[in-house]
Amino acid sequence: MMKFLFMMIFMIPLCFMKNMFWLVQMMLFFMMFLFMNLNLNIMCFFNMSYMFYCDIISFGLILLSIWICSLMIMASESLFKLNFYFNFFLFNVIFLLIMLYLTFSVLNLLLFYFFFEASLIPTLLLIIGWGYQPERIQAGMYLLFYTLFGSLPLLMGIVYIFNDLNTMTIYFLKFFNMNMYLLYISMIFAFLVKMPMYFVHLWLPKAHVEAPVSGSMILAGIMLKLGGYGLLRVMIFLQEVNLKLNYIWIIISLVGGLFISMKCFCQVDMKSLIAYSSVAHMSMVIGGIMVMNYWGFIGSYILMISHGLCSSGMFCLANINYERLHSRSLYINSGMMNFMPSMSLWWFLLLSSNMAAPPSLNLLGEISLINSLVSWSNISMILLMMISFFSAGYSLYLYSYIQHGKYFQGLYSFYVGSSREYLLLFLHWFPLNMMILKVDFISIWF
Amino acid sequence: MNNNSNKMFFLFILFFSTLISISSNSWFGCWIGLEINLLSFIPLISNSKNLLSVETSLKYFLTQSLASINFLFMILIKFSLLKNFNMNNIISIMMNSSLLMKMGSAPFHFWFPNIVEGLSWMNNFMLMTWQKISPMILLSYYFNKNFLIFMIITNLIIGSLGGLNQTSLRKLLAFSSINNLGWMIFSIMISENLWLFYFLIYSMMISMMISLFFLMNMYFMNQLFINNMNFFIKLNLLINFLSLGGLPPFMGFMPKWIIINFLLINKFYFLTFIFMMTSLIIIYYYIRIIYSSFMFNYFKMKWVNLLMKNNMSLINLSSFISISSMILSTFIFM
């Protein structure tokens, strides 16, 4: 595990040399390949070294983060071509990857918090540094302050646990019962803000829309999953309070997911629609984790991984259109099938995965979540039915508005997708639709 | 006054006066140290060619001598009228108030932003760091816990809310200094060692920032945006301010984390919450300052070129320390 950390640390000087843009991306793919070959053992922590470990949840999320970071660099070729501080951009991406890798793989809960917070700084730099509009300042503020407002009580909770239990090792936490209401609220609020749950979700549409494509990819791909990972780790020692109080968060997130799905239909900005759909998917993930049965955990984990790939791919597609038409508005991006028919194949594949059509991994996640939530209460059938229906609705809405119809007459000329863009989308779609053939390595935990 | 041996003489007496104050066996010695401190600081800050400087030093003299007289009076009352060691009485509150006024802590803070506005950066550095040592240590000798906790809350709130409407960099750092005083007063209530740790890291961060502003000759927020700053200077500014705000992974997170540890050991739960939330407000106005280093291309005048070729190594070293000291500090325990 340390070897990956050192590989990433030594990629940092590589970012500052001349003409090393694509080499850094290749090294990240190479590291992904090396990481995949670790021995994956279920039901235990494996590959333990000084302060690192790998659990089955950590393994999948680290894989996802390395994958998305390498695809981030592939998507940002325009920074390299236009020579817009791409050295510092590469440094930001590698630094963010180091922080995410460390978040998912340290044994100590306080170090988890440290790297959880530390991953905000490069994200903020990405949004405000390379974003496109002046609204990105406000978006960065919202991101930073919503997350910090949630996570400072988390620090209090972690230090309180340390003073009480005298241990911070995540593995040992399952032997204790810290059933206090205030501790419960302070521990999970940070992750609910990060997920995001419905009432504290306002930072997400702003941050996702104003970020550049790489920022949107990493935000949708991994940063939301930090909240899910944190919830999975922290709920173990709060079980009794969980059983008493979780219904609040399930109800808020499911009803909120319904409202957000309906709000998706009113969006004009493509990225805004994808951002709101992220909130709707994550609302189901929160519901699944909070129900605290095995199907719920499995479903939420699968949906986290698949949503990371799918949402990130959709942001890449939105950026592909944005780079050509310089607009994200649905009024201008219409009739794209006339010009880029191959790209409309990728729009269709990724949007069909978004609406959880077979054979995508989202389907399995949603089926598991529907199972778990309906087993918790039959009334959630109504909410889940509406959320799934509307997710199909807005995915088709987006697809149809962008691809079909008459094109905007004010277009000049642009080229059909380059092979780099097709490769980028293929690498998003392929794990998403092929992993369902061998899903037991992420869905069987014991 | 010019940079001559007068300054060195008064600086030496300034340092010596703090040592007198904190190492004396009797309260009189403490008071003497505080008076000599005041007397030797006045020539350092007053410059007879600049009227603002003279006015600033006069204001400083008036407030500090008032506090010293108060302190002396309370010492005399304590010796003559009260023969007990009980800290929960009015005399300890009065003694603490006079020391808090010497430091510039709320609610006796009104002189502090004013005077900081009138001083140059190097004098500010002395005022914000060295001048706090002896009142702090004297505070730890005889303090009233309930009163000080109330003062901590006042410090935090005033320090965070006061800086929201400021555009002068000196006043911003003054309010941030008032906020950090809240953290420091709590740490000295726990242990002097803890306070020393917080104080050293705080002084290091303040010194990096003040030296950066001094070299760039920047006193107001709009100067951050007009200049054509080197990229590394902007990065250094970013790292230093985020570190001062207490965000991980920078160095400034460590003292705040340790103070929170001791807060929670002693079961000050609500106070911890106030510490965190005011810290958020402080981070807000720090980020307002460092917008210029977040955005890479803003409207800047190219004819104001900051030539800092000779001083780059120190700046790079300080950023490096801010980023990596959390990791390097683990080597202490090897």
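Residues numbered from 1 in each chain as written. Chains lettered and ligands numbered in written order. Predicted model: local features only at pLDDT ≥ 70, side-chain atom pairs only at ≥ 80, totals over all residues. Heavy atoms only, no water.

(A) Fine view of the overall build of chain B. Helix and strand counts for chain B come out as 16 helices and zero strands. Its C-alpha atoms give chain B a radius of gyration of 20 Å, near enough to 20 Å, the size a compact globule of 334 residues would have. Seen through its principal axes, chain B has C-alpha atoms that stretch 70 × 50 × 40 Å. Residue burial in chain B is summarised as follows: out of 334 residues, 59% are buried. Here chain B displays about 14,200 Å² of accessible surface, and carbon together with sulfur accounts for 71% of that area. With 17 positive and 4 negative side-chain charges, chain B shows a spacing of 11 Å between the two charge centroids. (Helix = DSSP H or I, 4+ residues; strand = E, 2+ residues; numbered from the N terminus. Rg over C-alpha atoms; globule rule 2.2 N^0.38 Å. Buried < 20%, exposed > 50% of the residue type's maximum accessible area, 1.4 Å probe, protein only. Areas by Shrake-Rupley, 256 points an atom, 1.4 Å probe, with all protein chains shown as cover. Lys, Arg positive; Asp, Glu negative; His and termini not counted. Charge placed at Lys NZ, Arg CZ, Asp CG, Glu CD.)

(B) The UniProt feature "transmembrane region" (unreviewed entry) in chain B, seen in detail. All names here are of chain B. Residues annotated in UniProt with the feature "transmembrane region" (unreviewed entry) correspond here to residues 60–81, 93–112, 147–165, 172–190, 196–219, 231–248, 268–291 and 312–333. Secondary structure within residues 231–248 divides into 83% helix and 0% strand; the distance between the first and last C-alpha atoms comes to 22 Å. Helix makes up 92% of residues 268–291 and strand makes up 0%, while its end C-alpha atoms are separated by 35 Å. (UniProt positions renumbered as here; feature names shortened; annotations may be inferred.)

(C) Spatial organisation of the environment of Trp429(A). Residue and element names in this part refer to chain A. Tracing the sequence through the fold places Trp429 in helix α18 (residues 419–434). In this structure the C-alpha to C-alpha distance between Trp429 and Gly313, which are 116 residues apart in sequence, comes to 7.4 Å. What Trp429 contacts, discounting residues up to four positions off in sequence, is Trp346, Leu349, Leu350 and Met434. (Contact = heavy atoms within 4.5 Å.)

(D) Up close: helix α2 (residues 27–45) of chain B. With 19 residues, α2(B) ought to run about 27 Å at 1.5 Å a step, and its terminal C-alpha atoms sit 27 Å apart, in line with that. By the N-cap criterion, in which a side-chain oxygen at the helix start approaches the backbone nitrogen of a residue two or three places on, α2(B) is capped by Ser26(B), the distance to Phe28(B) being 3.0 Å. (Expected span 1.5 Å × (residues − 1). Polar contact = N/O pair within 3.5 Å; in protein donor to acceptor, adjacent residues only side chain to side chain.)

(E) Geometry of the packing of helix α13 (residues 270–291) of chain A against helix α16 (residues 361–376) of chain A. All names here are of chain A. In contact at an axis separation of 9 Å, α13 and α16 are set at 50 degrees when each is read in the N-to-C sense. One finds that α13 runs oblique with respect to α16. Here the hand of the crossing between α13 and α16 comes out left-handed. Across the interface between the two elements, His281, Met284, Val285, Gly287, Gly288 and Val291 of α13 pack against Asn362, Glu366, Leu369, Ser372, Leu373 and Trp376 of α16. (Axes fitted to C-alpha atoms, helices over the stretch in contact; angles between N-to-C directions. Parallel < 35°, antiparallel > 145°, perpendicular 65-115°, else oblique. Left-handed = near helix turned anticlockwise from the far one by under 90°.)

(F) Spatial organisation of the UniProt feature "domain: NADH:quinone oxidoreductase/Mrp antiporter transmembrane" (unreviewed entry) in chain A. UniProt annotation of "domain: NADH:quinone oxidoreductase/Mrp antiporter transmembrane" (unreviewed entry) refers to residues 108–390 of chain A when read in the numbering used here. In this annotation, residues 108–390 of chain A is assigned 76% helix and 0% strand; the end-to-end C-alpha distance for the span is 40 Å.

(G) Highlighting the side chain of Ser105(B). Residues and elements named next belong to chain B. Checked against the element boundaries, Ser105 lands in the loop between α4 (90–103) and α5 (111–118). With a relative accessible area of 0%, Ser105 lands in the buried category. When sequence neighbours within four positions are dropped, the list of residues in contact with Ser105 reads Leu100, Asn155, Leu181 and Ile185.

(H) Expanded view of the UniProt feature "domain: NADH:ubiquinone oxidoreductase chain 4 N-terminal" (unreviewed entry) in chain A. Following the UniProt record, one finds the feature "domain: NADH:ubiquinone oxidoreductase chain 4 N-terminal" (unreviewed entry) at residues 1–103 of chain A. With 72% helix and 0% strand, residues 1–103 of chain A has its two end C-alpha atoms placed 13 Å apart.

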